[in-house]
Amino acid sequence: MSNFWNPYAEIPRAKRRIIGLSAVLSVLLIWTALAASGLMTKNQLPSPLSVAQAMSYLAWYEGKSQLLVHTMWSVGRVATASALVIVIGIPLGVLMGSSQRINAFFSPLIDPFRSAPVAALLPIMAMWFGIGEFMKIAFLFVGSIVYLTPLVRDAIRSVPEQYLVAAKDIGATQFECITKVLVPLAMPRIMDAVIVGVSVSWTYITVAEYVNAQEGLGQMIANAKRLVAMDQVFAGIIVIIAVALLTYQTLMWLKGRFFKWETK
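The structure presented is a predicted model; accordingly, all values stated were derived computationally and were not measured.

Chemist: Pulling in residues and values, what's your account of the overall build of the protein chain?
Modeler: Along the backbone of the protein chain there are 10 helices and 0 strands. Seen in sequence order, the protein chain has helices and strands lined up from the N terminus as α-α-α-α-α-α-α-α-α-α. Taking the principal axes of the C-alpha coordinates as reference, the protein chain spans close to 70 × 60 × 35 Å. Considering only contacts within the protein chain whose residues lie at least 6 apart along the sequence, 73% involve residues at least 24 apart. Counting every atom, the protein chain has about 16100 Å² of accessible surface; 68% of that belongs to carbon and sulfur.

As structure tokens, then:
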């Protein structure tokens, strides 16, 4: 127990998994007990068994999988928005981190939205862009880029200045200092920014798909709520968490595989 409060003490992987599994089992036990206690109705809190049955029904019924269709639509929207955020947000963040003047210009337009409720922009975006697919992608894009871009900027600024000075001393141009010094050294943290950006898109997917969506996990949850099928609502939420977690783990694996080192 001497290392219990030591944040630097390593925990064996097997023990870490056991601790994590115990937390999940504890939640399931509490959930089951509350559902069986009668303190809450089935509509308020369906049992884990009811949610599992609903998920089974959604996964395969009469030769088709509603859950797969809805999941693929949501994954497609998040992937499209995330690709746009990466293509636009990373270069912009690099420029902001590399130049104080560019940062001074764009910071007032981006930084405040990290603390603002982006969901409040949905009615405005619906009026501007309609209620089709473009609006949904645009909403996810805006919700994500205001997080990714400042993180990329901060990643560039985290590179120690001596690396930049050394590059200039050996004759590197300004462009080479950015592309061959700042960006490579900042890539592990830039990858962290990508992970945050994609994760934020998943937090907004239910809001984006609430308006005029024919398919998608958010639309499935909204329909189930209107029908008071709370077991399907819980099933949809669990699927969103599972897919978001899988995405996160995949991106973390890519980071560990290709960007193993950090700047000291």
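Chemist: Can you explain the packing of aromatic side chains? Please cite residues and give values.
Modeler: Per the stated rule, a full pass over the model turns up 6 aromatic pairs. When the centroid spacing of 6.3 Å and the interplanar angle of 80 degrees are considered together, the rings of Trp128 and Phe129 count as edge-to-face. Among the aromatic side chains, those forming a connected cluster through ring pairs are Trp128, Phe129 and Phe134. One residue, Arg257, lies across the ring of Phe258, its end atom 5.3 Å from the ring centre.

Chemist: Give a description of the pattern of salt bridges that names residues and reports values.
Modeler: The full count for this structure, using the stated rule, is 6 salt bridges. Of the charged contacts, one joins Arg77 and Glu209 as a salt bridge, the two residues approaching to 2.8 Å between their closest N and O atoms. With Arg77 in helix α3 (residues 66-98) and Glu209 in the loop between α8 (174-208) and α9 (217-226), the pair connects residues that are 132 residues apart, well separated along the chain. Across the pair, exposure class does not vary: Arg77 and Glu209 are buried alike. One salt bridge connects Lys255 with Asp192, and the closest N-O pair in it is separated by 2.7 Å. Remark: Asp192 occurs in helix α8 and Lys255 occurs in helix α10 (residues 230-258); sequence separation between them is 63 residues. Relative accessible area serves as the criterion here: at 29%, Asp192 is assigned to the partly exposed category. In the salt-bridge network here, residues are joined through shared partners; they are Asp111, Arg114, Arg153 and Asp154.

The rules behind these values
- Residues numbered from 1 in each chain as written.
- Predicted model: local features only at pLDDT ≥ 70, side-chain atom pairs only at ≥ 80, totals over all residues.
- Heavy atoms only, no water.
- Helix = DSSP H or I, 4+ residues; strand = E, 2+ residues; numbered from the N terminus.
- Contact = heavy atoms within 4.5 Å.
- Areas by Shrake-Rupley, 256 points an atom, 1.4 Å probe, with all protein chains shown as cover.
- Phe/Tyr/Trp six-rings, centres within 6.5 Å; stacked < 30°, edge-to-face > 60°.
- Lys NZ or Arg CZ within 6 Å of the ring centre and 35° of its normal.
- Salt bridge = Lys/Arg side-chain N within 4 Å of Asp/Glu carboxyl O.
- Buried < 20%, exposed > 50% of the residue type's maximum accessible area, 1.4 Å probe, protein only.

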